[in-house]
Every structure is written in C-alpha cells, then in structure tokens.
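# Architecture at a glance
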Amino acid sequence: MKRSVIGTCICALLLSACATDAPVQRVEKMVKITLEQHLAEAERNAASGQKEKAIAGLRAAAEAYPAEKSPWLQMAQMEFERGSYGDAIGHALEALERDPADRQGNSIVAVSGLRLSTKALADLSLQNNLGGNLKTEAQELANLLRVSLGEEILVPQPARKAPVRKAAGGAAVRKAAPGQGGGSDPFSALK
C-alpha cells in the first residue's frame, strides 16, 4: 500500500511538471515576433499616419534584435522625412555602430547635419552674428564641401526671369533679377 501511494505521488508530480512546461514553451514561441514582422508593422503604422506608434514598434524591434541595424535605419529615415534632423542623426548613428559602411546611414547623417547647419547659419546671418572664428570656420567648411562634391558653387541660384516693365516710350525693359548681379549672392561670403 505504501508503494502504491508513493508511486501515485511520483506519477502525479511527473505529470504536473510535464503539463506546466509545455504550455509555457508554446506561449514563448508564439510571442516571439520576427524582425521582419516588426518592420512590416512599423511600415503599416507609418503609412496610416501613426508615426509615434511606428517609432515605438521600431524601438521594440531594436530592443528585441540589438545587433540589427534595420530598425535604427527605418527610424532615422522616418525622422528625416519629418524634418527631425537631430533625431534622424541619432538613429542613423546607432545603425552605423552596427554597420559603419552603411550608405543610407551615412547619407542621413550627412544631409541632416547639412540641413541643421544651413538653418543655424541662416539664423545667425539674420542676426548679423556671423563673424570672427565662426565665419572663418563656415568658409572652411564650405570649401571642404565644394572639394568633396566637386562643385565650384555649393548652392546654385535658380535662373529667374526678371520682371518686365514698360519704358517711357512703351518699349519693354527687363530689370536684373534678384541674385543675378553684383554682390546679391547670399553665399558670397562662403566662396
């Protein structure tokens, strides 16, 4: 009798142990979302205008797959498209930590940085505070950009037709268009 009670208890323990492990393992397998599923869901959310939800999903993907650059690149691209250049740079730098040769990440960093710099220089120029060392550094950076891009002029002026006005005798006279003459080039100090 003692043997049958002990045997019954052992069987019950073994069965209960097996019964609890299997559902837990099945649930863990069901919960594991692939990287592709994370990225696809983020794309759907972004396409439907839910940018914050898309970013949150990409953050979850980056946490679940820390060695992958793709969630970071997707976040960087989304922030770039929104005009959040600082955030775009941060996310692209995360991607570049995982793959320093990634062309998209390097492009986002470069263009976002240029856009931030251009805005800052324009703001300083409006305030007439672009002088001294800052002006010299901006000129050196402009020279470096020209050499890197192989361009003599960094920001070409769009060709604009000058307004036509009537002269005293009724003949049409074309005035010089803004930006087409003397010192009206806003980037002349950077050349």
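Scroll up to find the structure this text is about.
The following paragraphs examine the structure supplied in this document.

Conventions and cut-offs
Residues numbered from 1 in each chain as written. Predicted model: local features only at pLDDT ≥ 70, side-chain atom pairs only at ≥ 80, totals over all residues. Heavy atoms only, no water. Helix = DSSP H or I, 4+ residues; strand = E, 2+ residues; numbered from the N terminus. Buried < 20%, exposed > 50% of the residue type's maximum accessible area, 1.4 Å probe, protein only. Areas by Shrake-Rupley, 256 points an atom, 1.4 Å probe, with all protein chains shown as cover. Expected span 1.5 Å × (residues − 1). Contact = heavy atoms within 4.5 Å. Polar contact = N/O pair within 3.5 Å; in protein donor to acceptor, adjacent residues only side chain to side chain. Salt bridge = Lys/Arg side-chain N within 4 Å of Asp/Glu carboxyl O. Core = buried A, V, L, I, M, F, W, Y, C linked by side-chain atoms within 4.5 Å.

What follows covers the overall build of the protein. Of the regular secondary structure elements, the protein holds 7 helices and 2 strands. Within the protein, the proportion of its 191 residues that are buried is 20%. Accessible area for the protein stands at about 13,600 Å²; split by element, carbon and sulfur atoms hold 60% of it.

In a regular helix each residue adds 1.5 Å, so 24 residues correspond to 34 Å; helix H6 (residues 103-126) covers 34 Å between its end C-alpha atoms and thus fits that length. Three or more residues of H6 are buried, namely Gly105, Ile108 and Ser112. Structurally, H6 contributes buried residues whose contacts are with helix H4 (70-82) and helix H5 (85-98). Measuring from the backbone nitrogen of glutamine 104 back to the side-chain oxygen at the start of H6 gives 3.3 Å, which picks out aspartate 102 as the cap. Just past H6, the residue asparagine 128 takes up positive phi, approximately 55°.

What follows covers the pattern of salt bridges. As a working rule, side chains carrying opposite charge can pair if their charged atoms are close by. Tallied over the entire structure, the rule returns 6 salt bridges. Taking the shortest distance from any N to any O, the salt bridge between lysine 69 and aspartate 102 comes out at 2.7 Å. You can see lysine 69 sitting in the loop between helix H3 (51-64) and H4 and its partner aspartate 102 sitting in the loop between H5 and H6, a full 33 residues away along the chain. The residue glutamate 79 makes a salt bridge to arginine 82 at a minimum N-O spacing of 3.3 Å. A residue pair is termed a helical-turn pair when its members lie 3 or 4 positions apart in one helix, as glutamate 79 and arginine 82 do in helix H4 at 3 residues. By relative accessible area, which is 5% here, glutamate 79 ends up buried. Exposure remark for arginine 82: the relative accessible area of 37% places this residue in the partly exposed category.

The next point concerns H5. The end-to-end C-alpha distance of H5 is 20 Å, a good match for the 20 Å that 14 residues give at a rise of 1.5 Å each. When we look at burial in H5, the residues that qualify are Tyr85, Ala88, Ile89, His91, Ala92, Ala95 and Leu96.

Here we come to the nonpolar core. Within the largest apolar cluster, 15 residues are counted, with the highest numbers of intra-cluster contacts made by Leu35, Ala54, Leu58, Trp72, Met75 and Met78. Those elements giving two or more residues to this core turn out to be helix H2 (35-47), H3 and H4. Residue contributions to this core peak at 5 residues, all from H3. Phe80, Ala88, Ala92 and Ile108 belong to the second largest nonpolar core, which has 6 residues in total.

What follows deals with the side chain of serine 112. Positionally, serine 112 belongs in helix H6. Accessibility expressed as a relative area gives 0% for serine 112, which makes it buried. Looking at serine 112, its side chain comes within polar contact range of the main-chain oxygen of isoleucine 108, at 2.8 Å. For serine 112, the residues in contact, after removing those within four places along its chain, are Phe80, Tyr85, Ala88 and Ile89.

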